[in-house]
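Listed below are the residues making up each chain.
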Amino acid sequence: MAYVINDGCVSCGACAGVCPIGAISEGDGKYEINADECVDCGTCAAQCPTGSIEQG
């Protein structure tokens, strides 16, 4: 199951910089994870300073 970014996102971009496959991009007001590309590695969740990334 892919990870998702909730409304606690502060658009810092830390997650996008560590995603090994580039599945995270800046969206409207917060970053978004492309569920079709996400390989469920959890690297982004570990890097998020606000804890806004969780398994969907």
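With the rule as written, the count across this model stands at zero disulfides. In this structure Cys38 is a free cysteine whose sulfur lies 6.2 Å from that of Cys44, the closest cysteine sulfur available.

In this section: the nonpolar core. Counting residues in each nonpolar core, the largest one holds 14 residues, and the members touching the most others are Ile5, Cys15, Ile24, Ile33, Cys44 and Ile53. At the level of elements, β1 (3-5) and β3 (31-33) are the ones that each hand at least two residues to this core. Discounting chain neighbours no more than four positions away, the residues touching Ile24 are Ile5, Cys15, Ala16, Cys19, Tyr31, Glu32, Ile33 and Cys44.

Basis of the calculations
Residues numbered from 1 in each chain as written. Predicted model: local features only at pLDDT ≥ 70, side-chain atom pairs only at ≥ 80, totals over all residues. Heavy atoms only, no water. Disulfide = S-S within 2.5 Å. Core = buried A, V, L, I, M, F, W, Y, C linked by side-chain atoms within 4.5 Å. Buried < 20%, exposed > 50% of the residue type's maximum accessible area, 1.4 Å probe, protein only. Helix = DSSP H or I, 4+ residues; strand = E, 2+ residues; numbered from the N terminus. Contact = heavy atoms within 4.5 Å.

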